Amino acid sequence: MFSCDPTTITGGDDNGGGNGGNGGNGGSGDVVAQNIGGTMSENTTLKDLGLPIDYIVEGELKLDGNALVTIEPGVCIAFKSANGGIYVGENAGISMVGTEDKPIVLRGPINNNNPGSWKWVDIYSARNDNRMEHVEFLNGGSDANYGVVLVEDDAKLSMKHCTVNGSLGKGVYANGTLTAFENNTIKNVKKYPLYLSNIFGTPLGKGNTYTDNGNNFIQVDHYNKDANEGTLTNQGIPYEVVSDIDVTDQRHLTVEPGTTIAFAAVNGNIIVRENARITMVGTADEPIVVRGPINNNNPGSWEFIDVYSKRKDNNIEYVQFINGGSDKDWGVVIVEGEAKLTLKNCTINGSLGCGVVSYGDGSLMEFENNTIKNVEKYPLKMGFVSTNNLGKGNVYVDNQSNYILVNAIGDGTSTMTYQGIPYEAEYGLSLNDKSTLTIEPGVVLRMADDSQFDINEQTKLYAIGTPEAPITFCGQDEGSGQWGFLDVMTEKACELENVIIDQCGYDGYGGGIWYNGASTALSMKNVVIRNSDAFGIKMYVDTEWNEATEKDEYVKPAKFSYENVTFENCKNGNIEINDNTMDAFPW
């Protein structure tokens, strides 16, 4: 049962003392504060009594039933012990609305100005009228595992213009929903100023200040709730994510410019599921930063951002990814399955694996002006060239294997763009199913050992370099005969111009080019074939009987043309036609 008993506090002085006209007790005399405790189960208003301390709480004051307890501006509540606090039950409500000139104050005993002199305000209520404005919470937080203001699992609270000053634990501990959180100050707490277990719902607002706290981060131990929108707003201090952020279902995660996310452990990650969406868009002046613990500057201090979502509006721009990639088999940013992602103006600095991995049919919708550096494997690993649009302005430096690793070409129309570093094929490559591949001037493609590049019947290859920027096909190590050949079978088009085919003819087999049949389309202009352990070109063509010479002669294929083809250091000879060796074409 709620009790309200008077307590005598000696006050007054020779100058009129006490609070004069506020209480009608001018001059010397006794000033009466009210003892309150027990349970409030009916609507109650705690009025400003005009005293230094208006109400004294011994133990915990419980708000229960459907009671709405309103605390007026200027009220000061003192808790007599470290166990003192206010409990707001599931159906009860609390309204603490002070003003800038008359804030509400909650504090411990008058003779105890140490953090932890009282416990907390613990809210279980999901009422929309739970409000705290212009409230000063002084030296609460006696339970070091929690905070001064607690918002439990399904609870709601609007908190504005409040100050939490001093705590043995955290400042605000929110398992539930902060329906508003703006212009608050949290300072001098021994742990985190703010703990969030759910980032989906109303985002943290503007004007909050966090200073002189033991761990000056917003701690996030994420799990999903019902809301579909989640925003990490820039609060001026990092978010420290305890484990991971799993963006599921139809949810949309937004990260504001200037925000820092610091994962607390090496398995920290963000996963964007199939139907979810991610928007991380910083600016040149306010980039978003994703990193591991502040005191860990080693590669692999956190894991990755892994995108499964097929949405075309997944967007990451102006983000600095620092020392991620704890899984050596993957990368810092992963695009897998049939996922789609735009990645622009980003920096990946440090990884135990790769920088960016596009796996399966994963597609980089746009990829430009990115920097990838200091990764221990490849800066970029692509499942299919055709699903990735590598744009201009990308920089790859100080990576252990400074190549773009390619698993396959894929179907459709695609371009192997010039990126300033070579491409490296993990296996043999093949153009299939009416695919078209264009290779830009200056591209170097390092073929895997004992591999070949198949240009199949209905496909097209356009490798058109320039004299200043030729296209090069070569091996991955020094010496001749590192890889096989271009296996040209297409009836459509294989155009090679200003191309170098180097280190081919693996194990003395074939040549730099294997031309398969009279209907094959091959055009060569300014092509150099060199350092082959077999022939330069191996050809199969039709023959016809020449009555004048009484010999079978090679018929020049209708779709075959050449101009200025040079052979250098081809062990078995320059050309083999129908198993016959010759130094030059017979046409």
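Residues numbered from 1 in each chain as written. Predicted model: local features only at pLDDT ≥ 70, side-chain atom pairs only at ≥ 80, totals over all residues. Heavy atoms only, no water.

(A) Layout of the nonpolar core. If you look at the biggest cluster of nonpolar residues, it comprises 133 residues, and the most contacted ones within it are Leu106, Met132, Phe137, Phe321, Phe453, Leu496 and Ile501. In contact with Leu106, other than residues within four places in its own chain, are Ile77, Phe79, Ile86, Met96, Trp118, Val121, Val135, Glu136, Phe137 and Leu138. By size, the runner-up hydrophobic cluster in this structure holds seven residues, among which are Ala33, Ile56, Ala78 and Val105. (Core = buried A, V, L, I, M, F, W, Y, C linked by side-chain atoms within 4.5 Å. Buried < 20%, exposed > 50% of the residue type's maximum accessible area, 1.4 Å probe, protein only. Contact = heavy atoms within 4.5 Å.)

(B) Representation of the environment of Gly258 within the structure. Assignment of secondary structure puts Gly258 in the loop between strand E27 (252-255) and strand E28 (260-263). C-alpha of Gly258 to C-alpha of Asn234: the two residues are 24 residues apart in sequence and 5.7 Å apart in space. Excluding its chain neighbours within four sequence positions, the residues that come into contact with Gly258 are Asn234, Glu286, Pro287 and Ile288. (Helix = DSSP H or I, 4+ residues; strand = E, 2+ residues; numbered from the N terminus.)

(C) Local environment of the side chain of Ser435. With respect to the helices and strands, Ser435 occurs in the loop between strand E47 (429-431) and strand E48 (436-439). Residue class for Ser435 comes out buried when judged on its relative accessible area of 0%. At 3.4 Å, the side chain of Ser435 and the backbone oxygen of Gly410 are in polar contact. Contact partners of Ser435, with chain neighbours within four places excluded, come to Gly410, Asp411, Gly412, Thr459 and Lys460. (Polar contact = N/O pair within 3.5 Å; in protein donor to acceptor, adjacent residues only side chain to side chain.)

(D) Expanded view of the sheet that holds strand E57 (residues 535-540). In space, the seven strands of this open sheet follow the order E47-E50-E53-E55-E57-E61-E62, with mixed pairing throughout. The open sheet has two edge strands, E47 and strand E62 (580-582), and neither has a second partner. Recorded for the sheet is a direction-independent mean angle of 15 degrees between the axes of neighbouring strands. (Pairing = 2+ DSSP bridges. Axes fitted to C-alpha atoms, helices over the stretch in contact; angles between N-to-C directions.)

(E) Examining the packing of aromatic side chains more closely. According to the stated counting rule, one finds 20 aromatic pairs in the structure shown. Both rings, one in Tyr87 and one in Tyr124, keep their centres 5.3 Å apart while their planes meet at 45 degrees; by these two values the pair is tilted. With Tyr87 in strand E9 (residues 85-88) and Tyr124 in the loop between strand E12 (120-123) and strand E13 (131-133), this residue pair connects regions lying 37 residues apart in the sequence. Its relative accessible area of 34% is what places Tyr124 among the partly exposed residues. Seen from their ring centres, Phe485 and Tyr509 are 6.2 Å apart, and the 50 degrees between their planes marks the pair as tilted. Linking Phe485 in the loop between strand E52 (471-474) and strand E53 (486-488) with Tyr509 in the loop between strand E54 (493-502) and strand E55 (511-516), this pair joins segments that are 24 residues apart in sequence. Judged by relative accessible area, Phe485 falls into the buried class, the value being 4%. These aromatic residues form a ring-pair network of at least three members: Tyr515, Phe560, Tyr562, Phe567, Phe585 and Trp587. One cation-aromatic arrangement involves Lys119 over Trp120; the distance from NZ or CZ to the ring centre is 4.3 Å. Lys538 extends its terminal NZ or CZ atom over the ring of Trp514, reaching a point 5.4 Å from the ring centre. (Phe/Tyr/Trp six-rings, centres within 6.5 Å; stacked < 30°, edge-to-face > 60°. Lys NZ or Arg CZ within 6 Å of the ring centre and 35° of its normal.)

(F) Just a negative patch on the surface, in detail. On the surface, a cluster of negative charge is made up of Asp449, Asp450, Asp477, Glu478 and Asp507. We classify Asp449 as partly exposed; its relative accessible area is 44%. (Patch = residues over 30% accessible without salt bridge, like charges linked within 9 Å, V, L, I, M, F, W, Y side chains within 5 Å. Areas by Shrake-Rupley, 256 points an atom, 1.4 Å probe, with all protein chains shown as cover. Salt bridge = Lys/Arg side-chain N within 4 Å of Asp/Glu carboxyl O. Lys, Arg positive; Asp, Glu negative; His and termini not counted. Charge placed at Lys NZ, Arg CZ, Asp CG, Glu CD.)

(G) Representation of the pairing of strand E58 (residues 543-546) within the structure. Here four bridges tie E58 to strand E59 (residues 551-554), and the two strands are oriented antiparallel to one another. Following the sheet pairing, Thr543 is matched in E59 by Tyr554. Counting the residues between successive antiparallel strands, the hairpin from E58 to E59 contains four residues, one of them, Glu550, with a positive phi of roughly 55 degrees.

(H) Just unusual backbone geometry, in detail. The backbone of Asp398 shows a phi angle near 55 degrees, a positive value even though the residue is not glycine. By the element assignment, Asp398 lies in the loop between strand E43 (395-397) and strand E44 (404-408).

(I) Up close: the sheet that holds strand E4 (residues 44-46). Within the open sheet, the six strands sit side by side as E4-E7-E10-E13-E16-E19. Their pairing is parallel. Every interior strand has two partners, whereas the edge strands, E4 and strand E19 (177-182), have only one. Averaged over neighbouring strand pairs, the angle between their axes works out to 10 degrees when direction is ignored. Sheet topology places strand E10 (residues 93-97) next to E13; three bridges connect them, and they run parallel. The partner of Val97 across the bridge, within E13, is Glu133.

(J) How the structure looks around the confidence of the model for the protein chain. Averaged over the protein chain, the pLDDT score is 92; the fraction of residues at 70 or greater is 94%. For residues 1-29, every residue scores under 50 in pLDDT, and the model assigns this stretch 49 contacts once sequence neighbours within four places are set aside. (pLDDT = per-residue confidence, 0-100.)

(K) Focus on the environment of Gly362. If you trace the backbone, Gly362 turns up in the loop between strand E38 (356-358) and strand E39 (363-368). What makes Gly362 buried here is its relative accessible area of 0%. Counting along the chain gives 48 residues from Gly362 to Asn314, while the straight-line C-alpha distance between them is 12 Å.

(L) Structural detail: the pattern of salt bridges. Under the criterion given, the structure shown has 18 salt bridges. The closest approach of N and O atoms between Lys102 and Asp48, which form a salt bridge, is 3.2 Å. Highlighted residues: Lys102 in the loop between E10 and strand E11 (104-107) and Asp48 in the loop between E4 and strand E5 (55-57), separated in sequence by 54 residues. When its relative accessible area of 41% is taken as the criterion, Lys102 is described as partly exposed. For Asp48, a relative accessible area of 27% puts it in the partly exposed group. Residues participating in the shared-partner salt-bridge network are Arg277, Arg311 and Asp313.

(M) Spatial organisation of the environment of Ser519. Residue placement: Ser519 occurs in the loop between E55 and strand E56 (522-532). The spatial distance from the C-alpha of Ser519 to the C-alpha of Asp542 is 9.6 Å, given a sequence separation of 23 residues. Discounting chain neighbours no more than four positions away, the residues touching Ser519 are Thr490, Glu491 and Lys559.

(N) Representation of a positive patch on the surface. A cluster of basic residues, Lys434, Lys460, Lys492 and Lys559, forms a positive patch at the surface. Along the chain, Lys434 turns up in the loop between E47 and E48. By relative accessible area, which is 66% here, Lys434 ends up exposed.

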